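As a plain string of letters, each chain reads:
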Amino acid sequence: RLVVLLNARCIEQEDKVDDDQRAFFDDEFETVVAFDTNPARLRSGDDEIPKDPIVLWRGFPAEWVLARKPKLGPPSVLLKSDEKPALADIRKAVDQAQQARDGGVLDAVTSLFKGSLSA
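On a predicted model such as this, the values are computed, not experimentally measured, just so you know. (Residues numbered from 1 in each chain as written. Predicted model: local features only at pLDDT ≥ 70, side-chain atom pairs only at ≥ 80, totals over all residues. Heavy atoms only, no water.)

Caption draft 1: Inspection of the sheet that holds strand β3 (residues 64–68) at higher detail. Strand order in the open sheet formed by four strands is β1-β2-β3-β4, with antiparallel pairing between adjacent strands. A strand with exactly one partner marks an edge of an open sheet, and here the two such strands are β1 (33–36) and β4 (76–81). For this sheet, the mean angle separating the axes of adjacent strands, direction not counted, is 15°. Pairing of β3 with β4, which is carried by five bridges, proceeds in the antiparallel orientation. Residue pairing in the sheet places Ala 67 in a bridge with Val 77 of β4. (Pairing = 2+ DSSP bridges. Helix = DSSP H or I, 4+ residues; strand = E, 2+ residues; numbered from the N terminus. Axes fitted to C-alpha atoms, helices over the stretch in contact; angles between N-to-C directions.)

Shown next, in the form of structure tokens:
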């Protein structure tokens, strides 16, 4: 039998779905198309909310892709996986990308001053 669930929101309703139910849906059903605009499950007011939007998507049979979309330029891929990444893996990838982004800006500014001091 073919069973299709549209907009099944097991993950978003963490307080209404227990671990057994979530495991059942994860084990028995295959996500065919997904586009999650808050895969790290961050809420407004959280300190670690990234400045650029983070998206997790998949189009079956392709792999899962976690990407950051800067204001300018194409999305930058943070993580690719054959299996849906766990929340901990998503948050780790987002944190690493944010640290690299913040460090990249500081490094760029520092290099500008270093160049002017040596001249």
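Caption draft 2: Broad picture of the environment of Leu 56. Tracing the sequence through the fold places Leu 56 in strand β2 (residues 54–59). Considering only alpha carbons, one finds Leu 56 and Asp 36, 20 residues apart in sequence, at a separation of 5.1 Å. Setting aside its immediate chain neighbours within four residues, Leu 56 contacts Ala 34, Phe 35, Asp 36, Pro 39, Trp 64, Val 65, Leu 66, Lys 84, Pro 85 and Ile 90. (Contact = heavy atoms within 4.5 Å.)

These results come straight from atomic positions and should not be treated as a statement about function.
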